[in-house]
Amino acid sequence: ITRPEMEIGRYHWMYRSSRPHRYHHVPAVRGNVSPLGIQGCFECCIKCLGGVPYASLMATILCFSGVALFCGCGHVALTGTVSILEQHFSTTASDHALLSEVIQLMQYVIYGIASFFFLYGIILLAEGFYTTSAVKELHGEFKTTACGRCISGMFVFLTYVLGVAWLGVFGFSAVPVFMFYNIWSTCEVIKSLQTNVTVPGDQICVDIRQYGIIPWNAVPGKACGPILENICNTNEFYMSYHLFIVACAGAGATVIALIHFLMILSSNWAYLKDASKMQAYQDIKAKEEQELQDIQSRSKEQLNSYT
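You'll find the protein entered in an unreviewed UniProt entry as GPM6B protein, with Psilopogon haemacephalus given as the organism. In its Sequence similarities (unreviewed entry) section, UniProt records this for the protein: "Belongs to the myelin proteolipid protein family."

Sorry if this is basic, but what is going on with the overall build of the protein here?
Counting its secondary structure elements, the protein contains 7 helices and 2 strands. When its helices and strands are written in sequence order, the protein yields α-α-α-α-α-β-β-α-α. Taking all 307 residues of the protein together, the buried fraction comes to 31%. Contacts spanning at least 24 positions in sequence make up 78% of the contacts within the protein whose residues lie at least 6 apart. Per element, the accessible surface of the protein, about 20200 Å² overall, is 66% carbon and sulfur.

So what exactly am I meant to see when it comes to the UniProt feature "transmembrane region" (unreviewed entry) in the protein here?
Look at the UniProt record and you will see "transmembrane region" (unreviewed entry) annotated at residues 57-85, 105-130, 151-175 and 243-265. Along residues 57-85 the backbone is 100% helical and 0% strand, and the end-to-end C-alpha distance reaches 42 Å. Annotated as residues 243-265, this span is 100% helix and 0% strand, and its ends, taken at the C-alpha atoms, are 32 Å apart.

Which parts of the structure should I look at to understand the pattern of salt bridges?
It is possible for side chains of opposite charge to pair when their charged atoms get near one another. Applying the stated criterion to the full structure yields 2 salt bridges. For Glu-188, the salt bridge is made with Lys-191, and the minimal N-O distance between the two is 3.9 Å. Of this pair, Glu-188 and Lys-191 both sit in helix α5 (residues 146-192), 3 residues apart, which is roughly one turn of that helix. On the accessibility criterion, Glu-188 (33% relative accessible area) is partly exposed. Across the pair Asp-207 and Arg-209 runs a salt bridge whose closest N-O atoms are separated by 3.0 Å. The same class applies to Asp-207 and to Arg-209, which are both buried.

Explain the packing of aromatic side chains here, please?
Geometry of an aromatic ring pair is reported as the spacing of the ring centres plus the angle between the planes. Applying the stated rule across the entire model yields 14 aromatic pairs. For the pair Phe-180 and Phe-244, a centre-to-centre distance of 5.4 Å together with 45° between the ring planes defines the contact as tilted. Here Phe-180, found in helix α5, pairs with Phe-244, found in helix α7 (residues 235-306); they are 64 residues apart in sequence, far enough to count as distant. By the burial criterion, Phe-180 is buried, and Phe-244 matches it. Three or more aromatic residues joined by ring pairs form one cluster here, namely Phe-70, Phe-116, Phe-117, Tyr-120, Phe-155 and Trp-166.

Can you help me understand the state of the cysteines in this one?
Covalent bonding between the sulfur atoms of two cysteines defines a disulfide. Scanning the model with the defined rule gives 2 disulfides in all. One disulfide in the model links Cys-187 with Cys-232; its S-S distance is 1.7 Å. Disulfide Cys-187-Cys-232: torsion about the S-S bond near 60°, hence right-handed. Note that Cys-187 is positioned in helix α5 and Cys-232 in helix α6 (residues 225-232), a separation of 45 residues in sequence.

What counts and how
- Position labels on residues start from 1 in each chain and follow its written sequence.
- Restriction of local features to residues with pLDDT of at least 70 applies here, the model being predicted, together with a cutoff of 80 or more for giving and counting side-chain atom pairs; totals for whole chains, interfaces and linings are based on all residues.
- Heavy atoms throughout the structure, all of them, feed into the side-chain values; hydrogens and water do not.
- UniProt positions are given in the numbering used here, feature names are shortened, and annotations may be inferred rather than shown by experiment.
- Helix and strand assignments follow DSSP, with helices taken as H or I runs no shorter than four residues and strands as E runs no shorter than two, numbered in order from the N terminus.
- Buried, partly exposed and exposed residues are distinguished by accessible area as a fraction of the type maximum, computed with a 1.4 Å probe on protein chains only: under 20%, between the cut-offs, and over 50%, respectively.
- In this description, contact between two residues means that some pair of their heavy atoms is separated by no more than 4.5 Å.
- Only the protein chains shown count as covering a residue, and every accessible area follows the Shrake-Rupley method with a 1.4 Å probe.
- The term salt bridge refers to a side-chain nitrogen of Lys or Arg lying within 4 Å of a carboxyl oxygen of Asp or Glu.
- Classification of ring pairs uses Phe, Tyr and Trp, with its six-membered ring standing for Trp, and accepts pairs whose centres are within 6.5 Å; under 30 degrees between planes counts as stacked, over 60 as edge-to-face, and the remaining range as tilted.
- Whenever a pair of cysteine sulfur atoms sits within 2.5 Å, that pair is classed as a disulfide.

See below:
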């Protein structure tokens with residue numbers, strides 16, 4: 001008996017349950033995945049949907065909606081306000097010339113706000129996609145750079161400043177709502193007093209000059225009784241009042257969207273910071289393992305040369 005035959009016999013004696021290898025038929029893979037492991041359309045769609053920053057997407061939609069409502073409704077409401085002032089409260093053009101210039105300037109500012117927030121929302125959404133990819137590949141081949149972390153921090157600061165500014169815009173947009181509500185409530189009082197003959201409605205007036213939007217020498221400057229009631233029944237007053245309410249609601253929605261963006265950006269910046277620390281740890285660990293392998297290989301070489 002030769003030595004190879006002895007080794008084979010000892011192998012079968014130690015592993016009695018061993019059997020010759022049998023090849024089984026592998027059924028063909030059906031569906032969207034090929035036998036080579038190539039993903040189909042469904043798996044690619046699921047993977048793409050998994051990388052969508054849904055929180056940033058919702059905040060972007062809310063921000064676009066709020067800015068659109070504020071800019072569109074505010075622009076039309078300001079135009080209607082000028083028309084009401086020219087027809088009923090300030091018949092001389094020189095009295096409300098300054099107010100007309102301010103309103104025209106505000107309309108141009110509205111154009112700039114709409115353009116800026118359209119671009120800024122897209123940039124924040126793109127930053128959300130970038131950070132989501134970084135978080136998904138935290139333990140993979142993704143490399144976060146110091147420039148990317150600085151850009152995320154800059155967005156956090158800029159969004160905070162814009163949020164504070166929009167709080168002021170939201171408060172400012174509530175002022176015309178308050179003024180129009182006072183006029184509307186006065187008209188309702190006049191209507192309710194028409195049945196009471198002892199109290200004449202001509203004594204109930206609204207003086208726009210007390211709000212400071214037109215000078216005190218403006219003529220007539222105020223409206224009383226039936227004239228005020230007719231003003232409240234005009235289409236300009238009705239549209240301007242409700243459009244100012246919608247514009248104020250749009251400003252509030254924009255504030256909520258910016259607060260949402262601020263929370264998302266702060267969380268993403270923290271994730272990127274942790275990713276950079278994990279990346280540095282993995283680099284140090286890989287370097288130590290490489291040094292350990294080099295030491296072991298040199299030790300084996302020295303041992304072999306000694307033997």
